[in-house]
Amino acid sequence: MSWSERQQGMLRAMGLRLWSPPAAPGVTPHSPRVPPAQLAAAPQAGLAVPPPPAPLVPALGRAQVARAASGVGQMDWPALREAVASCRACTLCDSRKQTVFGVGHPQAHWLVVGEAPGEQEDQTGEPFVGPAGQLLDRMLAALQLSRATDGPAPPEQRVYIVNTLKCRPPRNRNPQPEELAQCEPFLVRQIELLQPRLILAMGRFAVQSLLRTDEAIGRLRGRVHQYQGVPLVVTYHPAYLLRNLADKARAWDDLCLAASVAEREDGSGP
Ligand code: URA
């Protein structure tokens, strides 16, 4: 990957280090990549495995029942989109303007999972369009990744973006366990249909939903987890980064780790 002048300037402006493509054999890479110790520690493809599902988000356990009962697990993309749009499984449907299904190319290799729509997402129907989304887009663009659904970009440069909740919580309050449980079958089916090569879980609620842990982000980031056999990298939520500039560099390291894993999964890495 080569960096345009504009990208380099943007990264420097954010106080972030440059990411480099895999070094030639025998050359020590100068950017953060998956340290051999991280890759060697795990049973499958050498990756660290998260702890088994814990009861810390008890309501999420009921999501499987809901999913089986609703037939979500058999839906294709159009049926799933329709099911989300007409969902009235929790009280968020009363206050939403519209549901926010997700955006991106259905062959994207990357999946970004966020928290829940905010005001602008509720208005537009697209995830991450507010200030946090603009930061996310800039960080993805620095890795030559895009949420665009058109254009000639190959799947490895495409990102699909979803949230754990498809409806905006009133006044952007935190998602409630019962809401996460009701909405989870949609996220699970989106992942099944997309079959991403890499999942980037941003923020506490995405991590709780996917890894079934309430460990702090700071303790989970920096290594590779697994979701149903898909490598998963944990990072801070962009809205948090807007308030905590010091952690932007760590988030950038997380993206570099994710890029390393994605390249390896794509067969273009070391
Ligand atoms: N924050 C999220 O987690 N998702 C959005 O879509 C917008 C803000």
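Above: the structure in question.
1. Topic: the overall build of the chain
Looking only at helices and strands, the chain has 12 helices and five strands in total. Contacts spanning at least 24 positions in sequence make up 71% of the contacts within the chain whose residues lie at least 6 apart.

2. Description of the site of the ligand
Around the ligand sit Gly114, Glu115, Ala116, Glu121, Pro127, Phe128, Asn163 and His237, and those are all the residues in its vicinity. Between the ligand and Phe128 there is a distance of 2.9 Å, counted from an oxygen atom to a backbone nitrogen or oxygen. Side-chain polar atom of His237 to an oxygen atom of the ligand: 2.6 Å apart, as the coordinates give it. Among the residues making up the shell around the ligand, the classes are represented as three nonpolar, three polar and two charged.

3. Observations concerning the sheet that holds strand β2 (residues 159–163)
Strands sit in the order β2-β1-β3-β5-β4 across an open sheet of five strands; the sheet is mixed. If you trace the sheet from one side to the other, it starts and ends with β2 and β4 (224–227), each paired once. For this sheet the average axis-to-axis angle between neighbouring strands, irrespective of direction, equals 30 degrees. Bridge count between strand β1 (residues 110–114) and β2: five bridges; the pairing is parallel.

4. Notes on the pairing of strand β5 (residues 230–235)
With six of six residues buried, β5 is to be regarded as a mostly interior element. Alternating positions in β5 separate into two faces, Val230, Leu232 and Val234 on one and Pro231, Val233 and Thr235 on the other, with burial throughout. Direction of pairing for β4 relative to β5: antiparallel, over a ladder of four bridges. Following the sheet pairing, His225 is matched in β5 by Leu232. In sequence, β4 turns back onto β5 through a hairpin of two residues, with Gln228 there showing a positive phi of about 50 degrees.

5. Some details on the packing of helix α7 (residues 131–142) against helix α12 (residues 248–266)
Where α7 contacts α12, the two axes come as close as 11 Å, and the packing angle between them is 50 degrees. One finds that α7 runs oblique with respect to α12. The interaxial crossing formed by α7 with α12 has right-handed handedness. Across the interface between the two elements, Leu135, Met139 and Ala142 from α7 touch Lys248, Ala251, Trp252 and Leu255 from α12. Of the residues that constitute the contact of α7 with α12, the class distribution is six nonpolar, no polar and one charged.

Conventions we followed
Residues numbered from 1 in each chain as written. Predicted model: local features only at pLDDT ≥ 70, side-chain atom pairs only at ≥ 80, totals over all residues. Heavy atoms only, no water. Helix = DSSP H or I, 4+ residues; strand = E, 2+ residues; numbered from the N terminus. Contact = heavy atoms within 4.5 Å. Near = heavy atom within 4 Å. Polar contact = N/O pair within 3.5 Å; in protein donor to acceptor, adjacent residues only side chain to side chain. Nonpolar A, V, L, I, M, F, W, Y, C, P; charged D, E, K, R; others polar. Pairing = 2+ DSSP bridges. Axes fitted to C-alpha atoms, helices over the stretch in contact; angles between N-to-C directions. Buried < 20%, exposed > 50% of the residue type's maximum accessible area, 1.4 Å probe, protein only. Parallel < 35°, antiparallel > 145°, perpendicular 65-115°, else oblique. Left-handed = near helix turned anticlockwise from the far one by under 90°.

In short, geometric facts, not functional conclusions.
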